Amino acid sequence: MLESGDLIFVSENTEMGQAIQASTGNYSHVAIFLNGKVYHATVEGGVLTQSLEDFFEAEKGYDLYRYAEIDDNEVKKRAENLLGAPYNASFYPNGDGFYCSQFIAELLPIFETIPMKFGDDNQEISDFWRDYYRELGLAVPLNQPGTNPSQLATSHLLVCKERNLHDSDF
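Residues numbered from 1 in each chain as written. Predicted model: local features only at pLDDT ≥ 70, side-chain atom pairs only at ≥ 80, totals over all residues. Heavy atoms only, no water.

Visitor: Would you take a moment to explain the nonpolar core for this structure?
Guide: Note on soluble globular proteins: their nonpolar side chains tend to be buried together. Of all hydrophobic cores here, the largest spans 40 residues; its most connected members are L7, F9, I32, F103, I104 and W129. Counting residues per element, this core draws most heavily on helix 4 (residues 100-107), which supplies five residues. Aside from chain neighbours lying at most four places away, what touches I32 is G5, D6, L7, K37, V38, Y39, I70, V75, I104 and L107. One finds F33, Y62, L64 and L165 within the second-largest nonpolar core, a separate group that totals eleven residues. (Core = buried A, V, L, I, M, F, W, Y, C linked by side-chain atoms within 4.5 Å. Buried < 20%, exposed > 50% of the residue type's maximum accessible area, 1.4 Å probe, protein only. Helix = DSSP H or I, 4+ residues; strand = E, 2+ residues; numbered from the N terminus. Contact = heavy atoms within 4.5 Å.)

Visitor: What exactly am I supposed to notice about the packing of aromatic side chains here?
Guide: Any two aromatic rings considered together are summarised by their centre-to-centre distance and by the angle between their planes. Using the criterion set out here, one finds 18 aromatic pairs in the structure. Relative to Y65, the ring of Y27 lies with its centre 6.3 Å away and its plane at 90°, an arrangement referred to as edge-to-face. Placement of the pair is Y27 in the loop between helix 1 (15-24) and strand 2 (29-34) and Y65 in strand 5 (residues 61-67), with a sequence separation of 38 residues. On the basis of relative accessibility, which here comes to 4%, the residue Y27 falls in the buried class. (Phe/Tyr/Trp six-rings, centres within 6.5 Å; stacked < 30°, edge-to-face > 60°.)

Visitor: What is the right way to read the layout of surface pockets from this model?
Guide: In this approach the atoms are scanned with a rolling probe the size of a water molecule, which exposes any empty space left behind. Taken as a whole, the largest pocket spans an internal volume of roughly 670 Å³. As for the largest pocket, its lining consists of 37 residues, of which E12, I20, S28, H29 and Y87 are closest to the centre. Among the elements of the structure, helix 1, strand 3 (37-42), strand 4 (46-50), helix 2 (52-55), helix 4, strand 6 (114-115) and helix 6 (149-153) are those that each provide at least two residues to the lining of the largest pocket. The biggest single contributor to the lining of the largest pocket is helix 1, with five residues. (1 Å grid on protein atoms, 1.4 Å probe; cavity = no way out; pocket = protein on both sides within 12 Å on 5 of 7 lines; lining within 4 Å. Points joined across faces, edges and corners; volume = space filled by probe spheres on them.)

Visitor: Would you take a moment to explain the environment of Y99 for this structure?
Guide: Topologically, Y99 is positioned in the loop between helix 3 (72-82) and helix 4. In sequence terms Y99 and P149 are 50 residues apart; their C-alpha atoms lie 10 Å from each other. Polar contacts involving the side chain of Y99 include one to the main-chain amide nitrogen of T147, which spans 3.1 Å. (Polar contact = N/O pair within 3.5 Å; in protein donor to acceptor, adjacent residues only side chain to side chain.)

Visitor: What is the right way to read the sheet that holds strand 3 from this model?
Guide: Paired through their backbone hydrogen bonds, the strands of a sheet run either parallel or antiparallel. Strand order in the open sheet made by the six strands is 4-3-2-1-5-8, with antiparallel pairing throughout. With one partner strand each, in any of the chains shown, strand 4 and strand 8 (158-165) form the two edges of the open sheet. Neighbouring strand axes in the sheet, compared pairwise and without regard to direction, differ in orientation by 25° on average. Across five bridges, strand 5 lies against strand 8 in antiparallel orientation. Its bridge partner being in strand 8, Y65 is matched across the sheet by C160. In the packing of helix 4 onto the sheet, the strands contacted are strand 1 (7-11), strand 2, strand 3 and strand 4, and the crossing angle to strand 2 comes to about 40°. (Pairing = 2+ DSSP bridges. Axes fitted to C-alpha atoms, helices over the stretch in contact; angles between N-to-C directions.)

Encoded structure:
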């Protein structure tokens, strides 16, 4: 089921997760599985690695995707070199560190950047994102170049392996 080099796309019901999904699509987080560990960029710890047991949580949905051309040993070297980098909480393209999809795009330079979105069905910039950026003291980086998990998942270079997995499936 889970193979080294698989991308793990996550749907979640947290406030941030819901805001990301409302703005961008089905997923709020993405990680990569390499040689028995999950590598990803998190708000709490920046770029880090976790065991499967620590990564997978109940109440979250997981889909697995694969890039057929991946050299997982080379990607693992890149990931190891970025461990400890901070989380890019601003989502600005030149922000310090990495947010989750920015980290994956750095490891697998196969993804284009797109204009960042922060709206929902009703507003170009949702109330969540207005408040989020007000607290950061920054302007919302609307239409700045970036990536998001849902956008990465739509790449024609990826193949969906499995959908609707839960923590108990791993």
